[in-house]
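Observations on the model geometry
The chain contents come next:
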Amino acid sequence: MDRIDDIMGRHREIEAFLTTVDGAQHLRLHGWLKRNDVLVKSENIVDQDDYFGVFTVYITENQLENLKEENTEKGLFIDLEVMSTESERWNVFKGMKDKDKLFESIQNFMFSFQIRDKKDIEKFLKEANETSLALFKKNDDFINDYVETKEMSAKDKIKDLDLMIEAFVEEERYEDCALLVKIKEKIIKNYKKQIN
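This report concerns the structure included in the present document. (Residues numbered from 1 in each chain as written. Predicted model: local features only at pLDDT ≥ 70, side-chain atom pairs only at ≥ 80, totals over all residues. Heavy atoms only, no water.)

Comments concerning the pairing of strand β3 (residues 53-59)
Of all seven residues making up β3, six are buried, and the element is well covered by its neighbours. In this structure, strand β1 (residues 14-20) lies alongside β3, joined through seven bridges in antiparallel fashion. Within the sheet, the bridge partner assigned to Thr 20 lies in β3 and is Gly 53. Pairing of strand β2 (residues 39-45) with β3 involves six bridges; the strand directions are antiparallel. Note on β3: the bridge partner recorded for Asn 44 is Val 54. (Buried < 20%, exposed > 50% of the residue type's maximum accessible area, 1.4 Å probe, protein only. Helix = DSSP H or I, 4+ residues; strand = E, 2+ residues; numbered from the N terminus. Pairing = 2+ DSSP bridges.)

Okay, structure coming up:
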């Protein structure tokens with residue numbers, strides 16, 4: 001079954017919010033979600049004093065149990081909120097401090113989508129690429145965390161970067177490609193250092 005068919009065929013998943021405390025934890029969680037084929041509905045980078053970001057995911061009960069177990073060992077998130085009704089979602093937002101600042105902070109980093117067809121998946125991938133690129137441009141610490149995290153293999157990181165580079169070449173965004181190539185070179189150098 002191809003990946004798009006797999007995503008389109010999902011059912012019986014729970015919607016959950018996963019909150020991270022810093023960029024390193026956010027990247028570890030991102031890697032875990034990707035490796036375990038968890039559908040990410042949205043990713044918000046806020047970088048507040050008390051938390052860094054939030055993933056909204058659709059996750060099965062088995063995946064959720066595995067995530068909870070791994071969280072105790074690897075510190076993948078600081079808070080988990082399972083949503084079952086619209087009113088619960090609203091209560092989460094009502095409880096947040098300084099909502100105006102929150103919404104202003106995440107405006108450029110928030111993306112969300114509903115999967116209806118292949119076009120929606122392509123839109124999601126484009127937005128995910130833009131979010132990743134924005135994080136890399138924001139701070140060298142994000143680049144270093146991405147390069148050094150063991151939550152994703154070097155092969156997966158290089159594959160992700162190659163796909164991003166390919167997408168940005170099509171848009172003739174060569175400066176962005178150059179940044180991604182530098183990150184790719186750092187990953188290769190870091191990997192060679194680990195095996196020597």
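That was the structure; now back to the text.
Remarks on unusual backbone geometry
Its identity as a non-glycine residue notwithstanding, Asp 37 has a phi of 55°, on the positive side. Among the structural elements, Asp 37 can be located in the loop between α2 (23-35) and β2. A positive phi is found at Glu 172, a non-glycine position, where the angle reads about 60°. By the secondary structure assignment, Glu 172 is in the loop between α8 (154-170) and α9 (174-195). On the basis of relative accessible area, Glu 172 is assigned to the exposed category, the value being 59%.

Some words on the nonpolar core
Within soluble globular proteins, side chains that are nonpolar generally end up buried alongside one another. Judged by nonpolar contacts, the single largest core of 16 residues is most densely connected at Phe 136, Tyr 146, Leu 161, Leu 180, Ile 183 and Ile 187. Within the residue set of this core, elements represented by two or more residues are α6 (118-138), α7 (140-148), α8 and α9. With five residues, the single largest contributor to this core is α8. Excluding residues that lie within four positions of it along the chain, Phe 136 makes contacts with Phe 142, Ile 143, Tyr 146, Leu 161, Met 164, Leu 179, Leu 180 and Ile 183. In this structure, Trp 32, Leu 33, Leu 67 and Leu 76 belong to the second largest nonpolar core, which totals 14 residues. (Core = buried A, V, L, I, M, F, W, Y, C linked by side-chain atoms within 4.5 Å. Contact = heavy atoms within 4.5 Å.)

Remarks on the packing of α2 against helix α3 (residues 61-74)
Between α2 and α3, the least distance of the axes is 12 Å, while the angle of their chain directions is 145°. Between α2 and α3 lies a crossing of right-handed hand. When α2 is examined against α3, the residues Arg 28, Leu 29, Trp 32 and Arg 35 are found in contact with a partner set consisting of Gln 63, Asn 66, Leu 67, Glu 70 and Lys 74. Looking at the contact of α2 with α3 residue by residue, the classes come out as three nonpolar, two polar and four charged. (Axes fitted to C-alpha atoms, helices over the stretch in contact; angles between N-to-C directions. Left-handed = near helix turned anticlockwise from the far one by under 90°. Nonpolar A, V, L, I, M, F, W, Y, C, P; charged D, E, K, R; others polar.)

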